[in-house]
Amino acid sequence: MHIAEEREKFCERLKSALRRARYTPDSPTVLARHFNEIYPGRPITVHAARKWLVAQSIPTQDKLRALASWLDVPADWLRFGSVAESSHVSSSDQNSEVSALLARMTRDEVSLVEDLHLLEHDERHIVREMILLFFKRQAQARPTWTASA
């Protein structure tokens with residue numbers, strides 16, 4: 001993967017994590033301010049935060065870990081887009097399954113899933129129940145075919 005593509009994918013994951021944590025994904029000022037509140041090292045500038053948000057750079061490892069901790073996402077995922085699995089299911093099988101699913105999704109569908117993560121647990125439950133009702137209604141509307149003997 002080319003470095004520009006790595007930066008772009010990092011930028012997308014960072015913006016997604018910011019949305020899930022209920023921060024605006026388009027404001028380098030907000031990002032720098034909140035990051036500097038939790039980062040024990042030298043503060044970052046708004047310009048540095050902007051470079052992360054426009055895919056011009058990727059933070060150093062210590063900053064990446066702080067970002068991941070603050071946004072409550074795995075550092076491996078934030079940097080590389082994958083998470084090391086400790087389960088019995090092969091991570092390559094999981095990655096290929098997730099990759100296949102993502103390949104079938106439009107940008108609008110991915111955005112919808114990201115928005116769903118912004119909802120509270122009970123709100124997500126309501127949305128899930130509504131979707132199940134739509135499936136049930138579709139199933140009832142389909143004609144049933146029976147074989148004649």
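Residues numbered from 1 in each chain as written. Predicted model: local features only at pLDDT ≥ 70, side-chain atom pairs only at ≥ 80, totals over all residues. Heavy atoms only, no water.

**So, the overall build of the protein chain**
Cut-off, in case you're wondering: Helix and strand labels come from DSSP, where a helix needs a run of H or I of at least four residues and a strand needs a run of E of at least two; each type is numbered from the N terminus. Note on classification: 1.4 Å probe, protein chains only; a residue is buried when its accessible area is under 20% of the maximum for its type, exposed when over 50%, partly exposed between these limits. The contact rule is simple, with two residues in contact once any of their heavy atoms fall within 4.5 Å. Values of accessible area rely on a 1.4 Å probe in the Shrake-Rupley scheme; residue burial ignores everything except the protein chains shown.
For the protein chain, the helix and strand inventory stands at eight helices and zero strands. Traced from its N-terminal end to its C-terminal end, the protein chain shows the element sequence α-α-α-α-α-α-α-α. Within the protein chain, the proportion of its 149 residues that are buried is 23%. Contacts in the protein chain between residues far apart in sequence, at least 24 positions, make up 53% of those at least 6 positions apart. Accessible surface, the protein chain as shown: approximately 10900 Å² in total, 54% of it carbon and sulfur.

**Re the pattern of salt bridges**
How we decide: Throughout this description, the term salt bridge denotes a Lys or Arg side-chain nitrogen within 4 Å of a carboxyl oxygen of Asp or Glu.
Within this structure, the stated rule accounts for three salt bridges. Across the salt bridge formed by E6 and R79, the nearest N and O atoms sit 3.1 Å from each other. One end of the pair, E6, is in helix α1 (residues 3-20); the other, R79, is in helix α5 (residues 75-80), with 73 residues separating them in the sequence. For R79, a relative accessible area of 17% puts it in the buried group. For the salt bridge of E114 with R19, the shortest nitrogen-to-oxygen distance reads 3.0 Å. Of this pair, E114 sits in helix α7 (residues 107-118) while R19 is found in helix α1, placing the two residues 95 residues apart along the sequence. Under the relative-accessibility criterion, R19 is labelled partly exposed at 23%.

**Focus on the nonpolar core**
Inside soluble globular proteins, nonpolar side chains tend to come together where they are buried. Worth spelling out the cut-off: Side-chain atoms within 4.5 Å are what join buried Ala, Val, Leu, Ile, Met, Phe, Trp, Tyr and Cys residues into a set we call a nonpolar core.
Core analysis: the largest hydrophobic core is formed by 21 residues, its most contacted members being L14, L31, W52, L67, L71 and L78. Where this core is concerned, the elements lending two or more residues are α1, α2 (28-38), α3 (46-53), α4 (61-71) and α5. A per-element tally of this core places α4 first, with six residues. Filtering out sequence-adjacent residues up to four positions away, L78 remains in contact with F10, R13, L14, L64, L67, A68 and V73.

**Thoughts on the packing of α1 against α4**
Let me state the cut-off plainly: Under this scheme, a helix contributes an axis fitted over its contacting stretch, all axes are lines through C-alpha atoms, and angles between N-to-C directions fall in the 0 to 180 degree range. For this classification, under 35 degrees means roughly parallel, over 145 means roughly antiparallel, 65 to 115 means roughly perpendicular, and everything else is oblique. What makes a crossing left-handed is the near helix being turned counterclockwise from the far one by less than a right angle; a clockwise turn instead makes it right-handed.
Across the interface, α1 lies against α4 with an axial gap of 10 Å and an inter-helix angle of 30°. As summarised for this structure, α1 and α4 are arranged roughly parallel, according to the angle between their axes. Between α1 and α4 the crossing geometry is left-handed. Of α4, the residues touching α1 (which contributes F10, L14, A17 and L18) are L64, L67, W70 and L71.

**Focus on a nonpolar patch on the surface**
Test applied: Put simply, a patch holds well-exposed residues, over 30% relative accessible area, that have no salt bridge, with like charges counted together within 9 Å and Val, Leu, Ile, Met, Phe, Trp or Tyr side chains within 5 Å.
On the surface, I126, M130, I131, L132, F134 and F135 cluster together to form a nonpolar patch covering roughly 570 Å² of accessible area. Looking at the secondary structure, you find F135 in helix α8 (residues 121-141).

**Brief notes about the side chain of R13**
Locating R13 in the fold gives a position in helix α1. When sequence neighbours within four positions are dropped, the list of residues in contact with R13 reads W77, L78, R79, F80 and G81.

**A word on the side chain of S16**
Note the following rule: Any N or O atom pair separated by 3.5 Å or less is treated as a polar contact, with the protein-specific requirement of one donor-capable and one acceptor-capable atom, and with residues adjacent in sequence counted only for side-chain atom pairs.
Here S16 shows up in helix α1. Side-chain polar atoms of S16 contact the side chain of E114, separated by 3.2 Å. Excluding anything up to four places from it in sequence, S16 contacts W77 and E114.

Purely spatial values, then, with no claim about function.
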